[in-house]
Amino acid sequence: MVDQIHSYRILILDFGGQYAQLLARRIRELGVYCVLLPYDVSPEQLLDIEPHGVILSGGPESVQQLDSPKIPDIVWRMRCPVLGVCYGMQAMAQAFEGVVESKAQSEYGHTVIQVQPNTWLSACVGESTSVWMSHTDQVVRCPADFDMMASSAQCDVVAFSNVKKGYYGVQFHPEVTHTSEGFAILKYFVYDCCGCEAVWTPHKIVDQLVDEIRQAVGQDRVVLGLSGGVDSAVTAALLQRAIGDQMTAIFVDNGLLRAHEADEVESIFTDQMSMQLVRVDAQEQFLSALKGIEDPEMKRKIIGREFVNVFQAHAKQLKDVSWLAQGTIYPDVIESAGTASGKAHVIKSHHNVGGLPDSLSLKLLEPLRELFKDEVRKLGEVLGLPGTLLHRHPFPGPGLAVRVMGEVKSDYLKMVREADAIFIAVLKAHNWYHRVAQALVVFLPIKTVGVVGDQRAYGYVLALRAVETTDFMTATAVQLPEGLVQEVSTRIINEVSGVTRVVYDVSSKPPATIEWE
Ligand code: XMP
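Here the structure is a predicted model, which is why all the values come from computation and not from measurement. Each chain has its residues counted from 1, following the order in which its sequence is written. Only residues with pLDDT of at least 70 are given local features in this predicted model, and only at 80 or more are side-chain atom pairs given and counted; all residues enter the totals for whole chains, interfaces and linings. The side-chain values count all of the structure's non-hydrogen atoms but skip hydrogen atoms and water molecules.

**Quick notes on the overall build of the protein chain**
Operational definition: In this description a helix means any DSSP run of H or I spanning at least four residues, a strand means any run of E spanning at least two, and both kinds are numbered starting from the N terminus. Remark: exposure states derive from per-residue accessible area (1.4 Å probe, protein chains only) relative to the maximum for the residue type, with buried under 20%, exposed over 50%, and partly exposed in between. Residue contacts are defined here by distance: any two heavy atoms, one from each residue, within 4.5 Å place the two residues in contact. Only the protein chains shown count as covering a residue, and every accessible area follows the Shrake-Rupley method with a 1.4 Å probe.
The number of helices and strands found in the protein chain is 15 helices and 18 strands. Buried positions account for 57% of the 517 residues belonging to the protein chain. Of the contacts made within the protein chain by residues no fewer than 6 positions apart, 75% connect residues no fewer than 24 positions apart. A total accessible area of about 22900 Å² is found for the protein chain, and carbon and sulfur atoms account for 49% of it.

**Quick look at the sheet that holds strand β9 (residues 167-170)**
Heads up, the condition is: One bridge is not enough; two strands pair if DSSP finds at least two bridges between them. For helices, the fitted line uses only the C-alpha atoms of the stretch in contact; every axis is such a line through C-alpha atoms, and the angle between N-to-C directions lies from 0 to 180 degrees.
Strand order in the open sheet made by the nine strands is β2-β1-β3-β4-β9-β8-β7-β5-β6, with mixed pairing throughout. Each of the sheet's edge strands pairs with one partner strand only, and the pair in question is β2 (33-38) and β6 (128-141). Each neighbouring strand pair of the sheet contributes to a mean axis angle of 20 degrees, computed without reference to strand direction. Bridge analysis of strand β4 (residues 82-85) against β9 gives four bridges, and the strand direction is parallel. The partner of L83 across the bridge, within β9, is Y168.

**A word on the packing of helix α7 (residues 230-243) against helix α12 (residues 373-382)**
Rules: Our angle categories are set so that under 35 degrees counts as roughly parallel, over 145 as roughly antiparallel, 65 to 115 as roughly perpendicular, and the remainder as oblique. The sense of a crossing depends on the near helix, which, turned anticlockwise from the far helix by less than a right angle, makes the crossing left-handed and, turned clockwise, makes it right-handed. Residues are grouped as follows: Ala, Val, Leu, Ile, Met, Phe, Trp, Tyr, Cys and Pro are nonpolar; Asp, Glu, Lys and Arg are charged; all remaining types, including Gly, are polar.
Closest axis-to-axis distance for the α7/α12 pair is 9 Å, and the angle between their directions is 40 degrees. Relative to α12, the element α7 is oriented oblique. The handedness of the crossing between α7 and α12 comes out as left-handed. Across the interface between the two elements, V230, D231, V234 and R241 of α7 pack against K373, V376, R377, L379, G380 and V382 of α12. Split into classes, the residues belonging to the contact of α7 with α12 amount to five nonpolar, one polar and four charged.

**Concerning the nonpolar core**
Just so we agree on the cut-off: We define a nonpolar core as any set of buried Ala, Val, Leu, Ile, Met, Phe, Trp, Tyr and Cys residues linked to one another through side-chain atoms lying within 4.5 Å.
By size, the foremost hydrophobic cluster in this structure holds 118 residues, and its most contacted members are I10, I27, I55, L121 and F269. The element contributing the most residues to this core is α7, with nine residues. The contact partners of I55, leaving out residues within four places of it in the chain, are I10, L11, I12, L13, L23, I27, L83, V85, L186 and F189. Of all hydrophobic cores here, the second largest spans 52 residues; its members include I302, I303, V485 and V502.

**Points about the confidence of the model for the protein chain**
Filter applied, for reference: On a range of 0 to 100, pLDDT expresses the predictor's confidence in each residue.
Of all residues in the protein chain, 96% attain a pLDDT of 70 or more, and the chain-wide mean is 93. Ignoring residues within four places in sequence, the model shows residues 340-353, a span with pLDDT below 50, making 31 contacts including any to other chains.

**Considerations on the packing of aromatic side chains**
To keep things clear, this is the line we draw: Stacked, edge-to-face and tilted are the three classes for Phe, Tyr and Trp ring pairs, Trp counted by its six-membered ring, which pair at centre distances within 6.5 Å; planes under 30 degrees apart are stacked, over 60 edge-to-face, the rest tilted.
One pass over the structure, following the stated rule, counts 17 aromatic pairs. Between Y108 and W132 the ring centres are 5.4 Å apart and the planes differ by 70 degrees, which places this aromatic pair in the edge-to-face class. Of this pair, Y108 sits in strand β5 (residues 99-115) while W132 sits in strand β6, placing them 24 residues apart in sequence. Aromatic side chains Y412 and Y460 sit 5.4 Å apart centroid to centroid with 65 degrees between the ring planes, which places their arrangement in the edge-to-face category. Of the two residues, Y412 sits in helix α14 (residues 410-429) while Y460 sits in strand β16 (residues 455-468), which places them 48 residues apart along the sequence.

**Some words on the domain arrangement of the protein chain**
Stated precisely, the cut-off is as follows: Domains are outlined according to an automatic or database domain assignment. Buried area is a sum: the accessible area each of two parts loses on coming together, probed at 1.4 Å, counted once for each and added. Any Lys or Arg side-chain nitrogen found within 4 Å of a carboxyl oxygen on Asp or Glu counts as a salt bridge. Any pair of nitrogen or oxygen atoms within 3.5 Å is treated as a polar contact; in protein, a donor-acceptor pairing is required on top of that, and neighbouring residues in sequence qualify only through side-chain atoms on both sides.
Each domain of the protein chain was delimited in the assignment, giving domain 1 (9-193), domain 2 (202-390) and domain 3 (403-504). Placing a centre on the C-alpha atoms of domain 2 and another on those of domain 3 gives a separation of 28 Å. On the side of domain 3, 11 residues touch domain 2, which itself brings 14 residues to the contact. Carbon and sulfur atoms supply 58% of the area buried between domain 2 and domain 3, which totals about 940 Å² over both sides. Among the residues of domain 2 in contact with domain 3, A259, L287 and K299 are the three that bury the most area, contributing 36% of the side total. Summed over the shared surface of domain 2 and domain 3, the result is zero salt bridges. Where domain 2 touches domain 3, the interface holds five residue pairs in polar contact (both at pLDDT 80 or more). The class makeup of the residues in the side of domain 2 that touches domain 3 is seven nonpolar, two polar and five charged.

**Things to note about unusual backbone geometry**
The linkage connecting K509 with the following residue, P510, adopts the cis geometry, with an omega of -15 degrees. Within the secondary structure layout, P510 lies in the segment after β18 (499-504). P510 connects to P511 through a cis peptide bond whose omega is 10 degrees. Topologically, P511 is positioned in the segment after β18. The backbone of D320 shows a phi angle near 60 degrees, a positive value even though the residue is not glycine.

**Overview of the sheet that holds strand β12 (residues 277-281)**
Spatially, β12-β11-β10-β13-β14 is the arrangement adopted by the five strands of the open sheet, whose pairing is parallel. In the strand order of this sheet, the two ends are held by β12 and β14 (363-365), each with one partner. Mean inter-strand twist for the sheet, computed between neighbouring axes without regard to direction, equals 30 degrees. Where strand β13 (residues 321-325) and β14 come together, three bridges link them in parallel fashion. Its bridge partner being in β14, L324 is matched across the sheet by L364. Packed onto the sheet, helix α8 (residues 261-272) meets β10 (221-226), β11 (247-253) and β12 and runs at close to 165 degrees relative to β12.

Below you can see the structure in the form of structure tokens.
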């Protein structure tokens, strides 16, 4: 039997578009459960979902190429409304023998569209609205039985529909906030066309997950690797509510954490939440394992291995543990799924608890694997976790080791840790902390000349980085106010011993990444 929170389901087929996850998040914001799957998964997997509606995402390819991704036939046999977005609209046009052509120039950015009266689209947005375009191909002739719903100066068929069948297509991106009525369009599709209701809400999700955890775990004992990040913290709080003392959290202080982080995590989970927590001081172990290692991938591997060693040793000391809980979230699941053709996704392997040896023989409990980060935060609020923990910038699993270039040494860590605390404090003081998605400090193992007092100084360089992003797959550097950057630089050079120079990283991702490694 389907439980209440999953009683309405939207299927999003991912054609590799950069906004596919954003589409899914918007549907969840509407209080409706959705699944994001690569366009080429098996028909059985698609049928299993029994969706109330299907959304076809955008994508980088051209339907005019012979091997371009096609909409699986099974979609048309599901007998539910279908909305094609950008590439999804073009693929729908092609499937019903409309005509798609490439234009000499791409259309990118804000466009005002004119909407035909008495159409599906005019019901959502009226006669005219501003939308966000990003395309080179476009539909030039609607398929038979489809009506043109909107046009723009550069595009004759911006939207089309076959209302009888419940098939709709839009060339623009309703999922991005630049499309002024985008959310209204998705809302109309999901509620009015597909008949969904808003039952996917944080309180209901918490109740459902608590029930599921209780049923799965019974009287067993569970161990959890707590990092202090949002995902593992919310997993811990959820398990605490579901099974209380049957769960023990293991928190490894690996010496790669931010200033005061270990004490804060311990205080929140033991003092405030009365959780069973084992804090392991493994700073020496990690630092000696990292001695002499400069290669970033080697550093990651060593940290992963040491984490497993420490975790395994302590998990074994706990009696009768049969479950390992992890804070895996939906983007981790999506990113590790990939596609059969390998077309749609860039796969990134992150270090979390992963890689535990089979000899530990624990069953895996991943209660957050259907949730996006913003949903996880909302659950955290329902579960009473402090906002300071929930709304922190993300912090990578391998910690400050990916922010110290080259060999990780304790005096380098000390510099980057102290500077990070200053940068974050100044951002908060100027109300900029929550206006950037992530801010960090990087240590560069090169020395440059400076003047401190009247003395020549020869010290290290630190780089500041603050980025704006919604999905962390692409990001742009934030233009912080000059005075703020100046203040951070002055404070760091005055207060952090060994540093003579501070620089600001202005590169975007891609081609750069957020962390320097
Ligand atoms: P990059 O550097 O790839 O980072 O642009 C994207 C985002 O991922 C975070 N990050 C990690 N998070 N384990 C994590 O949990 C990791 O191994 C890891 N590596 C990078 C990074 O901080 C940024 O938010």
